[in-house]
Amino acid sequence: GDGLAKDMNLRGGDSKAFFRKNKSAIPRGGYKDKKKNFPFLFGSRLNSMKDRKDLWIESPLENPRDYVKRQATVRGLTCVDFNYPQHFGSFWTNQEAKAALDEAGLVAGAVCLRYPSKFARGAMNHPSESMRREAIEITKQAAQTALDLGTDEVVIWSAYDGYDYPFQVDYDEKWDQLVSAFQEICDEFPSIKFSLEYKPTDENTRFFTVPTTGAALLFVEEVNRPNMGLTLDVGHMLMAGENPGQSIAMVGRKNKLFGIQLNDGFTRLAAEDGL
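Residues numbered from 1 in each chain as written. Predicted model: local features only at pLDDT ≥ 70, side-chain atom pairs only at ≥ 80, totals over all residues. Heavy atoms only, no water.

K.L.:
Residue-level account of the overall build of the protein chain, with values.
P.N.:
Scanning the protein chain from terminus to terminus reveals nine helices and nine strands. Every one of the 275 residues in the protein chain was classed for burial, and the buried ones make up 48%. In the protein chain, the proportion of contacts linking residues at least 24 apart, taken out of those at least 6 apart, comes to 74%. As displayed, the protein chain has an accessible area near 14,700 Å², and 51% of this comes from carbon and sulfur atoms. (Helix = DSSP H or I, 4+ residues; strand = E, 2+ residues; numbered from the N terminus. Buried < 20%, exposed > 50% of the residue type's maximum accessible area, 1.4 Å probe, protein only. Contact = heavy atoms within 4.5 Å. Areas by Shrake-Rupley, 256 points an atom, 1.4 Å probe, with all protein chains shown as cover.)

In structure tokens:
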């Protein structure tokens, strides 16, 4: 917001000159030395760089290349989380995306699945076996993209894997479909950490197959692969009526906490906090 504008002197200043002069001085995280370096990477959803175009005069904000360039000017951000397949395809090749990161002094944090709307009836939970297979293959393509970008994590959040009405589906069948799918992708890409991001409800899906931290831990246990873990979204935990701190501690006890997404969200309607 205004802090970015002040730092870059965008109100009448030259953002390109700022970028050239200050790129190497922008604080970055990283876990190179436990004693000397801050042990975490801080990143941003790349789509966040679309907002407040009035604060950016470097170039048009029209594609992922522009978003990466802008993110490189934000103090303290280390890495970029890409959406797959939305940030790839016709925009650039994986190799071109990696080159853009290198030029900007950034690294890829994760590749995050955003299944296209044709999976509205489910991605890995779609009633059609051929559609489930297509969703699995898209997930594998995202994993290969992660390798090409030099990162080792794929975050999987499906807007569509669930159901809308009680008793609409065979719960065991839907659960087993997900377990089998994750086992397959984990086995094919053992060097990639596959991280499930659960959510209790959404405008696309009233009830998700994996709706809580507890259910997500049970799911990870059943997948039973060393490269399977969880990304906990603070807003999603609040929506589930959970205490995020306790949820994080629970997952940490199992050494399955692969990432945390910091944001806000509404708690359950009529929830009473006692204050």
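Once the structure has been displayed, the description carries forward.
K.L.:
So what's going on with the sheet that holds strand β1 (residues 43–45)? Which residues, and what values?
P.N.:
Taken together, the seven strands give an open sheet; going across it, the order is β1-β2-β3-β4-β6-β8-β9, and neighbouring strands pair in parallel fashion. Because the sheet does not close on itself, it has two edges, and the strands there are β1 and β9 (257–261). For this sheet, the mean inter-axis angle between neighbouring strands, taken without regard to orientation, is 30°. Relative to strand β6 (residues 193–196), strand β4 (residues 153–156) runs parallel, the two being bridged by four bridges. Its bridge partner lying in β6, Val155 is registered against Ser195. Relative to β6, helix α6 (residues 171–188) is tilted by about 155°, and along the sheet it contacts β4, β6 and β8 (228–233). (Pairing = 2+ DSSP bridges. Axes fitted to C-alpha atoms, helices over the stretch in contact; angles between N-to-C directions.)

K.L.:
Describe a nonpolar patch on the surface, naming the residues involved and giving the relevant values.
P.N.:
A cluster of nonpolar side chains, Phe40, Phe42, Leu257, Ile260 and Leu262, forms an exposed patch at the surface whose accessible area comes to about 490 Å². By the secondary structure assignment, Phe40 is in the loop between α2 (15–22) and β1. (Patch = residues over 30% accessible without salt bridge, like charges linked within 9 Å, V, L, I, M, F, W, Y side chains within 5 Å. Salt bridge = Lys/Arg side-chain N within 4 Å of Asp/Glu carboxyl O.)

K.L.:
Give me the lowdown on helix α5 (residues 129–149), citing residues and values where you can.
P.N.:
For α5, spanning 21 residues, the distance from its first C-alpha to its last is 30 Å, which sits close to the expected 30 Å at 1.5 Å a residue. Within α5, burial applies to Met131, Arg132, Ala135, Ile136, Ile138, Thr139, Lys140, Ala142, Ala143, Thr145, Ala146 and Leu149. Contacts made by the buried residues of α5 are with β2 (79–84), α4 (94–104), β3 (107–113), β4, α6 and β6. Where α5 terminates, the next one or two residues include Gly150, which has phi positive at roughly 85°. (Expected span 1.5 Å × (residues − 1).)

K.L.:
Break down the environment of Ser59 for me, with residues and values.
P.N.:
Within the secondary structure layout, Ser59 lies in the loop between β1 and α3 (64–71). In the structure, Ser59 is positioned eleven residues away from Arg70 in sequence and 9.2 Å away in space, judged by C-alpha atoms.

K.L.:
Quick one: what's the story with the pairing of β6, residue by residue and with numbers?
P.N.:
As defined by bridge partners, β6 adjoins β8 across three bridges and the pair is classed as parallel. In the sheet register, Ser195 faces β8, and the bridge partner there is Gly229.

K.L.:
Account for helix α7 (residues 213–223), naming residues and giving values.
P.N.:
Inspection of α7 places Thr213, Ala215, Ala216, Leu217, Phe219, Val220 and Val223 among the buried residues, and these make up the whole buried set. Packing partners of the buried residues in α7 comprise α6, β6, β8, α8 (234–239) and α9 (244–253). Directly beyond the C-terminal end of α7, a positive phi value near 60° is found at Asn224.

K.L.:
Requested: an account of the pattern of salt bridges, with residues and values cited.
P.N.:
Here the structure, examined in full by the defined rule, presents ten salt bridges. The partner of Lys118 in a salt bridge is Glu134, and the shortest N-O contact between them spans 2.4 Å. Taken together, the positions of Lys118 in the loop between β3 and α5 and Glu134 in helix α5 put the pair 16 residues apart, joining distant regions of the chain. In this structure Glu134 comes out as partly exposed when scored by relative accessible area, which is 29%. Among the ionic pairs, Glu184 bridges to Arg133, the shortest N-O distance being 2.7 Å. Note that Glu184 is positioned in helix α6 and Arg133 in helix α5, a separation of 51 residues in sequence. The network of salt bridges with common partners includes Arg133, Glu137, Lys140, Glu184 and Glu188.

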